[in-house]
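Spelled out, the chains give:
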Amino acid sequence: MTNLNSVQYMLVYNMFSLTIAAMFAAFIFFIVGRSQVGEKYRPALLVSGLVVAIACYHYFRILNSWEGAFTLINGQYVPSGKPFNDAYRYVDWLLTVPLLLVELIAVLALPKKDREGLFGKLALAAFLMIALGYPGELSTDTTTRAIWGTLSSIPFVYILYVLWAKLGSTIPSQPPYVQTLMKNIRLLLLFTWGFYPITYMLPMFGIAPETSLVSVQVGYAVADILAKAFYGIMIYWIAYAKSEADGSLPAKH
Ligand SMILES: *C/C=C(C)/C=C/C=C(C)/C=C/C1=C(C)CCCC1(C)C
C-alpha cells in the first residue's frame, strides 16, 4: 500500500459508494420487474436480483476495508497497517460469475438437450479463471502477476468462446427484435468481461503504484456495474421482448 492524496482516496471511496447505490437500485428494479415478464423468464430476473444483492453486500465490506486501510495524517491518506482486503472482490466473483451465466442460460430458455452440461462446463471454467487470477492479484511482482493472469485467461477465453458460439447459434431462431437484443448482450458480455483482465494488467505497465491502486479499484467497480446491473437490465429487456413475442406477458390491470 502507498500514500494517497485526498483526490485519489476520495475517487475510490466515491466509486465504491456509487457502486453500492447502483447495485441496490438494480436489486429493487429486478425484483419488481419480475411480475412484468412471462412466468418462464422470472427465474432469470430473480437470479439478476441475487447477483446485485451479493455485490451490494460485498461493496459495503470493500468500502469498510478501504476506510480501515488508511489514516488521514496532515492531509495525506497514509496506510494504517490494516490490509485492504481484495478477497471480498474475488469471493464476490466466485459467487456472482456462475450466477450471471445462470441468468443468461435461463433467459435463453434453451431446450433441455442444449442446456445439458452447458452450465457445468462454464461454471468450472469460471471457477478456474477466478482462482487462478487471485494469486496474481495479490502479487506486486510483475512476472508473477503475468503468469497467473495468463493461466486465468485460458478458461476466460473458453467461456467467451462457448457463450459467443451458443448465443450465436440461438439467435436466428429468435423474433427479430430479440435478435437485436441478443447481439447487443453478446457485445456487452465481451466488452465488460474483457475490461477485467485489462484492469488487472494496469499495474504491469510501470505506472506509479498509487495510480495503479486507484485505477484498478475504479476499473473493477465500473466493470461490476456494467457486468451486473446493466447486464441485468438487458436480461430484463430480453425477457420482456420474448414474453411479448410468445404471448406470455402478464395481463395489464
Ligand atoms: C461480476 C463480476 C464479473 C463478471 C467478473 C468477471 C471477471 C473476469 C472476467 C476476470 C478475469 C481475469 C482474467 C481473464 C485474467 C486476470 C485475472 C482476472 C481474474 C481479472
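Residues numbered from 1 in each chain as written. Predicted model: local features only at pLDDT ≥ 70, side-chain atom pairs only at ≥ 80, totals over all residues. Heavy atoms only, no water.

Novice: When you look at the site of the ligand in this model, what are you seeing that I'm missing?
Specialist: Near the ligand lie 19 residues; those nearest to it are Trp-93, Ser-152, Phe-156, Tyr-196 and Lys-228. When isolated, the ligand has an accessible area of 530 Å², and the protein chains bury 100% of it. For the shell around the ligand, the elements supplying multiple residues, two or more each, are α3 (87–108), α5 (118–138), α6 (142–170), α7 (176–201) and α8 (209–245). Ranked by residues supplied to the shell around the ligand, first place goes to α3 with 5 residues. Residues that form the shell around the ligand fall into these classes: 12 nonpolar, 5 polar and 2 charged. (Near = heavy atom within 4 Å. Areas by Shrake-Rupley, 256 points an atom, 1.4 Å probe, with all protein chains shown as cover. Helix = DSSP H or I, 4+ residues; strand = E, 2+ residues; numbered from the N terminus. Nonpolar A, V, L, I, M, F, W, Y, C, P; charged D, E, K, R; others polar.)

Novice: Got a minute to help me understand the pairing of strand β2 (residues 70–73) in this structure?
Specialist: In summary, the side chains of a regular strand alternate between the two faces of the sheet. Taken together, the 4 bridges between β2 and strand β3 (residues 76–79) define a ladder with antiparallel strand orientation. Across the sheet, the residue bridging to Phe-70 is Pro-79, located in β3. Counting the residues in the hairpin turn of β2 and β3 gives 2 residues, including Asn-74, whose phi is positive at 50°. (Pairing = 2+ DSSP bridges.)

Novice: Just checking my understanding: could you explain unusual backbone geometry for this structure?
Specialist: Excluding glycine, most residues fall at negative phi; most peptide bonds, likewise, are trans. You will see that Asn-74, though not glycine, has its phi angle at about 50°, which is positive. Relative to the elements of secondary structure, Asn-74 occurs in the loop between β2 and β3. For Asn-74, a relative accessible area of 77% puts it in the exposed group. (Buried < 20%, exposed > 50% of the residue type's maximum accessible area, 1.4 Å probe, protein only.)

Novice: Just to check I follow, could you spell out the sheet that holds strand β1 (residues 4–5) for this structure?
Specialist: Strands belonging to one sheet form pairs held by backbone hydrogen bonds; the direction of such a pair is parallel or antiparallel. Taken together, 3 strands build an open sheet; the order of strands is β1-β3-β2 and the sheet is antiparallel. Since the sheet does not close on itself, it has two edges, and those belong to β1 and β2, each with one partner.

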